[in-house]
Amino acid sequence: MPGPNQVVVEVSHASLNYGDLNDARSGRVPVGAVLGSDAAGVVVQAAADGTGPAVGTRVVALTPGAFAERVAIDVGALAKVSKGLDLAQAVALPVAGVAALRSLRAAGLGPDKRVLVTGASGGVGRFAVQLAARAGAHVIASVGSTARGEGLAEAGADAVLIGLEGLQRPVDVVIDSVGGPQLIAAWNLLAPGGSLQSVGWTSGEPAVFPPYATVGPAKSLTSFVIEGDTGADLAILTELAAAGALTVEIGWQGSWDRFDEAAETLRGRRISGKAVLEVASGELYAPGPSLQD
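Here goes a summary of the coordinates provided. Since the model is a prediction, treat every value here as computed from it, not as a measurement.

Considerations on the packing of helix H3 (residues 94–107) against helix H4 (residues 123–134)
In the contact formed by H3 and H4, the axes pass within 8 Å of each other and the chain directions differ by 45°. For the element pair H3 / H4, the angle class is oblique. The two elements H3 and H4 meet at a crossing, and its hand is right-handed. Counted together, Ala96, Gly97, Ala99, Ala100, Leu101 and Leu104 of H3 and Gly123, Val124, Phe127, Ala128, Leu131 and Ala132 of H4 form the full contact between these two elements. Partitioning the contact of H3 with H4 into residue classes produces 10 nonpolar, two polar and no charged.

Written out as structure tokens, the structure reads:
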């Protein structure tokens, strides 16, 4: 049964993240529990305490157990989706978009800052590039190959690099989703007073600091995780996307019975942007007389 401050959402789309794959393998989510974090759909039951959106409202949410046909969601974890934004695009925003927005905020993003985004072709990376550029930063996007760098200059990157080749000037902010040796290299490029936000570890490789690498002018390496209500930040992101000020790139989209294909494609880094699972085609819910009485 949903709690008093929860709505029930009939899910039309879910988005797959590296974190969901890690949850499945690490045991962080118990065996048999429902995976998933990103869900979009239509409210079919309003919150009993009168808060949150009404029945029939299109919403997107960051919530546990998102890979389901219906999910009970805290009203603080969701945002309304305007008719100008497709739910398949909206569902790409929660984990990746909120991580990009909050990590940049935590790092002290501002105009004229030099911002390095590693793994820039992925979900978090592409949003971080766009949001940093909107804030007036000088954005450097690091990718694994020339093909994976396509579209990043148009998204706002002032420079697109393969790895960190050719980058010599210090940077003020690093948003790192790669980990491993590249995290070490990015740390060495960080200016005094700078901030490196570790938001992911797609390389799966260890990061080994050489002696004295952390001795010197003050700078910070901060672990990152999304905590607390995300509704307000989701509202910012959905409004930007609906207005065309934030581009959502979907690199894979298909039925959720093709989950294995989506997972292997994501794990193998064969897509740029997000992987979106279709729980059902079209809008699942249309208000009927029985729900209007």
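We are not done yet, so read on.
Looking at the pairing of strand E1 (residues 6–16)
Burial runs high along E1: 11 of the 11 residues are buried. Pairing analysis gives five bridges linking E1 to strand E4 (residues 70–74), with the strands arranged antiparallel. Directly across from valine 7, in E4, lies its bridge partner isoleucine 73. Where E1 lies against strand E2 (residues 38–45), seven bridges are found, and the strand directions are antiparallel. Of the residues in E2, the one forming a bridge with histidine 13 is alanine 40. Of the strand pairs in this sheet, E1 and strand E13 (residues 274–278) are connected by four bridges, and their pairing is antiparallel. Looking at E13, one finds that serine 15 is bridged to valine 276.

Focus on the environment of alanine 66
Inspection of the secondary structure assignment puts alanine 66 in the loop between strand E3 (58–62) and E4. Taking the C-alpha atoms as reference points, alanine 66 and leucine 35, 31 residues apart in sequence, are found 6.5 Å from one another. Setting aside residues up to four positions removed in sequence, alanine 66 forms contacts with Val11, Ala14, Leu35, Gly36, Ser37, Asp38, Ala39 and Val71.

The rules behind these values
- Residues numbered from 1 in each chain as written.
- Predicted model: local features only at pLDDT ≥ 70, side-chain atom pairs only at ≥ 80, totals over all residues.
- Heavy atoms only, no water.
- Axes fitted to C-alpha atoms, helices over the stretch in contact; angles between N-to-C directions.
- Helix = DSSP H or I, 4+ residues; strand = E, 2+ residues; numbered from the N terminus.
- Parallel < 35°, antiparallel > 145°, perpendicular 65-115°, else oblique.
- Left-handed = near helix turned anticlockwise from the far one by under 90°.
- Contact = heavy atoms within 4.5 Å.
- Nonpolar A, V, L, I, M, F, W, Y, C, P; charged D, E, K, R; others polar.
- Buried < 20%, exposed > 50% of the residue type's maximum accessible area, 1.4 Å probe, protein only.
- Pairing = 2+ DSSP bridges.

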